[in-house]
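Now for the letters of each chain:
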Amino acid sequence: MPAVTTGLAGHAEFAHQLESELDEYPDERGEILLEAGDAWHRAGHPQRAIELLAEAVALGGENGGNARVGLAEVLFGLGQDEEARAQLEALRAARPMSPVPWHMAAELLEHRGELDQALIWFTAAVSRLSDEEMASRHLWFSYANSLLAGRRRVRRALGQPADDLDDSVAEVNPFTVDLDSVLPTGTPQETAPLSGGTRLPREVRIL
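Helix and strand counts for the protein chain come out as ten helices and zero strands. Burial status across the protein chain gives 43% buried among its 207 residues. In the protein chain, once contacts between residues fewer than 6 apart in sequence are set aside, the share between residues at least 24 apart is 57%. Total accessible area on the protein chain stands at roughly 11300 Å², and carbon and sulfur atoms take up 54% of it.

Set out below in structure tokens:
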């Protein structure tokens, strides 16, 4: 299995490498800033994380919305709750069409124990699923199922009775995957870009 960068120093190294790619992949600047900001946060450098995530927010788009949630997470970690909530309110006011930033915010609030607010964000995320995505919700590996499972989890924690969407959640079917057969060889730092100059993500964030 490919070596995985771990520890504060490893996350910092990963963040440095991501930043080195900003000029090489200008069309993916928002995504790279988001990844690098998250890596700096994990490396224990919140101020650098804030700088990069704020730049990603300024670029707008879906990555900008996701960056707002990342920025809120860093600010909560610093005890700057008012500033963190301002980021979430700005995201709410922007009303992004993608369910992803709503989902990320829901899980952030759930992790903080703010279940009532988390459910509001989960509901907003579900309302942004396309008809095609909703049709796939019965597949346990689909994004819609993951989102609905999170909504159900919070509703259960709040003591709410199951509704039709809760009942539609497919349970995860555990199985073993040989990652060597599906992942590129080499460490994250050695992974080469795809043909055509497209970056191959070195880290996948599972919601």
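Moving on, we get to the environment of Ser168. As for its position among the elements, Ser168 is in the segment after helix 10 (164-167). Separated by 29 residues in sequence, Ser168 and Leu139 place their C-alpha atoms 9.7 Å apart. The contacts of Ser168, once residues within four sequence positions are left out, are Arg137, His138, Asn145 and Leu148. A polar contact of 3.3 Å, which involves the side chain of Ser168, links it to the side chain of Arg137.

Here we come to the environment of Gln17. Following the sequence through the fold, Gln17 ends up in helix 1 (residues 7-20). Placed 19 residues apart in sequence, Gln17 and Ala36 show a C-alpha to C-alpha distance of 8.5 Å.

Taken as a whole, the protein chain shows an average pLDDT of 85; of its residues, 80% reach a score of 70 or greater. In the model of the protein chain, helix 1 stands out as the element of lowest mean pLDDT, 90, in contrast to helix 7 (residues 115-127), which has the highest, 98. Note that pLDDT drops below 50 for residues 1-5; the model gives that stretch 14 contacts with residues more than four away or on any other chain. Across residues 176-197, where pLDDT falls below 50, the model places 27 contacts with residues more than four positions away in sequence or in other chains.

All chains considered together, the criterion is met by two aromatic pairs. Plain terms: the ring middles of Trp140 and Phe141 are 5.7 Å apart, the flat faces sit at 85° to each other, and that makes the pair edge-to-face. Its relative accessible area of 28% is what places Trp140 among the partly exposed residues.

Turning our attention to helix 6 (residues 99-111). Over its 13 residues, helix 6 extends 18 Å from the first C-alpha to the last, a length consistent with the 18 Å expected when each residue adds 1.5 Å. All of the buried residues along helix 6 are Pro99, Val100, Pro101, Trp102, His103, Met104, Ala105, Ala106, Leu108, Leu109 and Glu110. Lining the buried residues of helix 6 we find helix 4 (61-77), helix 5 (81-94), helix 7 and helix 9 (143-157). Between the side-chain oxygen of the N-cap and the backbone nitrogen of Val100 there are 3.1 Å, and the N-cap of helix 6 in question is Ser98. Trailing helix 6 by a residue or two, Gly113 shows a phi angle of about 85°, which is positive.

Here helix 2 (residues 29-42) is 14 residues long and its end C-alpha atoms lie 20 Å apart, about the 20 Å a rise of 1.5 Å per residue gives. With ten of 14 residues buried, helix 2 is to be regarded as a mostly interior element. If you follow the buried residues of helix 2, they end up packed against helix 1, helix 3 (46-59) and helix 4.

Here we take up the nonpolar core. Side chains of nonpolar character tend, in soluble globular proteins, to be buried together. Within the largest apolar cluster, 50 residues are counted, with the highest numbers of intra-cluster contacts made by Trp40, Leu88 and Trp121. Mapped onto this core, the elements with two or more residues apiece are helix 1, helix 2, helix 3, helix 4, helix 5, helix 6, helix 7 and helix 9.

Now for the pattern of salt bridges. Oppositely charged side chains are able to pair whenever their charged atoms sit close together. A complete count under the given rule lists 15 salt bridges for this structure. Of the charged contacts in the structure, one is a salt bridge between Arg155 and Asp163, with a shortest N-O distance of 3.5 Å. Each member of the salt-bridge network shares a partner with another, and the members are Asp81, Arg85, Arg112 and Glu114.

In contact at an axis separation of 8 Å, helix 2 and helix 3 are set at 160° when each is read in the N-to-C sense. As far as their axial angle goes, helix 3 and helix 2 are roughly antiparallel. The crossing of helix 2 and helix 3 is left-handed. In this structure, helix 2 contributes Arg29, Gly30, Leu33, Leu34, Ala36, Gly37, Trp40 and His41 to the contact, and helix 3 contributes Pro46, Arg48, Ala49, Leu52, Leu53, Glu55, Ala56 and Leu59. Looking at the contact of helix 2 with helix 3, its residues break down into ten nonpolar, three polar and three charged.

Procedures and definitions
Residues numbered from 1 in each chain as written. Predicted model: local features only at pLDDT ≥ 70, side-chain atom pairs only at ≥ 80, totals over all residues. Heavy atoms only, no water. Helix = DSSP H or I, 4+ residues; strand = E, 2+ residues; numbered from the N terminus. Buried < 20%, exposed > 50% of the residue type's maximum accessible area, 1.4 Å probe, protein only. Contact = heavy atoms within 4.5 Å. Areas by Shrake-Rupley, 256 points an atom, 1.4 Å probe, with all protein chains shown as cover. Polar contact = N/O pair within 3.5 Å; in protein donor to acceptor, adjacent residues only side chain to side chain. pLDDT = per-residue confidence, 0-100. Phe/Tyr/Trp six-rings, centres within 6.5 Å; stacked < 30°, edge-to-face > 60°. Expected span 1.5 Å × (residues − 1). Core = buried A, V, L, I, M, F, W, Y, C linked by side-chain atoms within 4.5 Å. Salt bridge = Lys/Arg side-chain N within 4 Å of Asp/Glu carboxyl O. Axes fitted to C-alpha atoms, helices over the stretch in contact; angles between N-to-C directions. Parallel < 35°, antiparallel > 145°, perpendicular 65-115°, else oblique. Left-handed = near helix turned anticlockwise from the far one by under 90°. Nonpolar A, V, L, I, M, F, W, Y, C, P; charged D, E, K, R; others polar.

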